[in-house]
Each structure stands twice: as C-alpha cells, then as structure tokens.
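Geometric and topological summary
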There are 2 protein chains.
Amino acid sequence: MPAPAERPRRSCCPVACTLDLLGDRWTLLVVRDLFRGVDRYSAFARSPEGIATNILADRLDDLVANGIAERFVPTGQKRARYRLTDAGRELEPLLRAVADWGLKHISGTEAKLAPQPK
Amino acid sequence: MPAPAERPRRSCCPVACTLDLLGDRWTLLVVRDLFRGVDRYSAFARSPEGIATNILADRLDDLVANGIAERFVPTGQKRARYRLTDAGRELEPLLRAVADWGLKHISGTEAKLAPQPK
DNA sequence: TTATTTACTTGCAAATCGCAAGTGATAAGC
DNA sequence: GCTTATCACTTGCGATTTGCAAGTAAATAA
C-alpha cells in the first residue's frame, strides 16, 4: 500500500495534484538519486538519508505507476534497474528549485546535484 | 506534534533538508494559499482541498517555526493573520515549478496561481 | 443581548512510517 | 560445482501521523 499513489484527487489545482504524486519525505529523494544515475535498488538504499527498504519499494512502485520512472532489466542480465521517463526527467527544474531554496535558506546544506553522468 | 518540523536532519543534502520542511501533502498548499493572499485561518480551511483544521493548525505552526510564514495581528484588530516571510516568498520559483510540472503532466489540472495581489 | 463566526483544540480510529528480520533468486569466490 | 555473499524485495509490528467529527472560548455581527 503505497503512500503517494492513486488517491482520489483533492482538487484540479496542479500544485495539489503534483503533491498527490510527490508530496512526501522520500519520493523526491529517490528522484534525485535517479537524476544522479542511481539505478539499482540497493544503491538507493545506500543513500545517506537511509530510506527503509519497504518504503523504498513502495516509492519505486509509485514512481513507476505514475509514469515518472520505469523499471527495466538490461539484456543479458537478471537484476532490475530503474530510470527516469521523459516526464520524470522534466522534474529537473522542480528539483533544482528545491535544492536552490534549501541551499539558500537552510544552513549546513551542501550542493551535489549533477546532471546524469551519461 | 507537527509533522514536517524539527526532526533530526537526515543528511546535508539541500533537497533532503527542504523536504524535511515542506515534504508532505499539505504544507505547500498552505504556501500556495499564502501566495494568493489568503491570510486567515478560516480562509485556508475553505480551500478546495479541504484541509482538516488540526492539520492546518499544525502546518501553520510549522511554517512559522521554520521562518517561512509569520503570524501577526493587524493593529486595531484581534484576530490572527498569516503572511509569507522573505524566505517564504522565495519559494515562488519552487511553487511555480511544481505547478508547471503538474499542468504539463497531469491531465485535468487547471492553472490559477497568481502573484500576490497585495 | 443573542447568534454567528473565527481560531483553534481534543479524541479517536485508520492509515502510514520506520525498524528489524526474514526470503528466495542471483552473482561471486574458490 | 559448491559455498558464500549480495541483491531485490517482503513481512511483522510498534510508534507516529492522518483525517474526521465534535467541542470550546473569544471576537464579531445582528
């Protein structure tokens, strides 16, 4: 039972609807990792924030269900990987705005966000 | 006991830290209303998403505690009002990015965000 | 002076979170 | 080829948070 998933829409406001998909403490961190090129389950789990594995599984499912990320298995391999969809990639300005605000207004924050190395 | 309040910081990532303050389903909607000039408790509660009053009280407290909004009582009046601080006003690009993404990628969303009519 | 509204608070059940501990498949080492 | 470690999850469960409904005291309106 995922958290930011298919709930009844609260209003037709684009802010409210986007928050229905991304509005929680973890989803955007997974998206941030996807932007950094993280693509394996265990790698997301190793991020410094220490997401619990059940939550990670939920969030990845949500992101896939909502068309922001996709799960795939590279040919010749067996283990799953994740990558951003086009819609997911278009979250970059949003993510950047979040990072910029944090850098400016929360002391002790450090930049590290880089565009996908590839 | 507010939700997105003074928790131990999860990491020094500006995205994570910003999410510690704004990462839930309601906080940014209250900020959106503040941008629209909504300033009274009852008016926030009347927004179409229908925030529960206990949650509204919590979120307003959080926003004030985190320096994003401030509570004030106009001279000659008795009832409280709320307004954005400078830091809060600088959330505009973030809010706009959230709205833009929703408008583009979630069907049925309608724009309405306008700069504070002042 | 009485009735409304406003700005909250309180109680409580249901949903979600976060931790710890599995589990079975895959890959690595010998 | 066999053993061991890693990976991608799932499960259980207590603690926290949510969301609904109802209540309250102060302020404003009638």
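Summarised in this report is the structure supplied together with it.

Calculation rules
Residues numbered from 1 in each chain as written. Chains lettered and ligands numbered in written order. Predicted model: local features only at pLDDT ≥ 70, side-chain atom pairs only at ≥ 80, totals over all residues. Heavy atoms only, no water. Phe/Tyr/Trp six-rings, centres within 6.5 Å; stacked < 30°, edge-to-face > 60°. Helix = DSSP H or I, 4+ residues; strand = E, 2+ residues; numbered from the N terminus. Buried < 20%, exposed > 50% of the residue type's maximum accessible area, 1.4 Å probe, protein only. Lys NZ or Arg CZ within 6 Å of the ring centre and 35° of its normal. Contact = heavy atoms within 4.5 Å. Buried area = accessible area lost by both parts, 1.4 Å probe. Salt bridge = Lys/Arg side-chain N within 4 Å of Asp/Glu carboxyl O. Polar contact = N/O pair within 3.5 Å; in protein donor to acceptor, adjacent residues only side chain to side chain. Nonpolar A, V, L, I, M, F, W, Y, C, P; charged D, E, K, R; others polar. Near = heavy atom within 4 Å. Axes fitted to C-alpha atoms, helices over the stretch in contact; angles between N-to-C directions. Parallel < 35°, antiparallel > 145°, perpendicular 65-115°, else oblique. Left-handed = near helix turned anticlockwise from the far one by under 90°.

**Examining the packing of aromatic side chains**
- This structure, assessed with the given rule, holds two aromatic pairs over all chains.
- Here the aromatic rings of Phe44(A) and Tyr82(A) are separated by 6.3 Å at their centres, their planes lie at 75 degrees, and the arrangement is edge-to-face. Here Tyr82(A) lies in strand E2 (residues 81-84) and Phe44(A) lies in helix H3 (residues 41-45), a separation of 38 residues in the sequence. With respect to burial, Phe44(A) and Tyr82(A) carry one shared label: buried.
- Taking NZ or CZ as reference, Arg83(A) lies 3.7 Å from the ring centre of Phe72(A), over its face.
- Above the ring of Trp26(A), the side-chain terminus of Arg10(B) is found at 4.5 Å from the ring centroid.

**Digging into the interface of chain B and chain A**
- Contact residues are listed per partner, giving 45 residues for chain B and 45 residues for chain A.
- It is Arg10(B), Arg25(B) and Trp101(B) that lose the most area in chain B upon contact with chain A, and together they represent 21% of the buried surface on that side.
- Note that Asp20(B) is salt-bridged to Arg25(A), the shortest N-O span being 3.3 Å.
- At the surface where chain B touches chain A, the tally comes to 20 residue pairs in polar contact (both at pLDDT 80 or more).
- Going through the elements one at a time, helix H1 (14-22), helix H2 (27-35) and helix H6 (92-105) of chain B are the ones with two or more residues in the side of chain B that touches chain A.
- Of the residues forming the side of chain B that touches chain A, the biggest block, eleven residues, is contributed by H6(B).
- The residue inventory of the side of chain B that touches chain A, partitioned by class, reads 25 nonpolar, eight polar and twelve charged.

**Concerning the protein's contact with DNA strand C**
- What surrounds DNA strand C is a group of 21 residues, the closest being Trp26(A), Asn54(A), Arg59(A), Thr53(B) and Arg71(B).
- Between DNA strand C and Arg71(B) there is a distance of 2.6 Å, counted from a phosphate oxygen to a side-chain nitrogen or oxygen.
- For DNA strand C, a phosphate oxygen lies 2.9 Å from a polar atom in the side chain of Tyr82(B).
- Of all elements in the fold, only helix H4 (53-65) of chain A together with helix H3 (41-45) and helix H4 (53-65) of chain B reach the threshold of two or more residues within the surface near DNA strand C.
- Element by element, the count of residues in the surface near DNA strand C is highest for H4(A), at four residues.
- Of the residues that constitute the surface near DNA strand C, the class distribution is eight nonpolar, five polar and eight charged.

**What about the side chain of Asp24(B)?**
- Mapping Asp24(B) onto the fold places it in the loop between H1 and H2.
- Of the polar contacts made by the side chain of Asp24(B), one reaches the side chain of Arg59(B); its length is 2.7 Å.

**Quick word on the packing of H2(B) against H6(B)**
Residues and elements named next belong to chain B.
- One way to put it is that H2 packs onto H6 with a least axis distance of 11 Å and a crossing angle of 110 degrees. Taken together, the axes of H2 and H6 are roughly perpendicular relative to one another. By crossing handedness, the relation of H2 to H6 is classed as left-handed. Along its contact with H2, which presents Leu-28, Val-31, Arg-32 and Phe-35, the element H6 presents Glu-92, Leu-94, Leu-95 and Val-98.
- Along the lines of polarity and charge, the residues of the contact of H2 with H6 split into six nonpolar, no polar and two charged.

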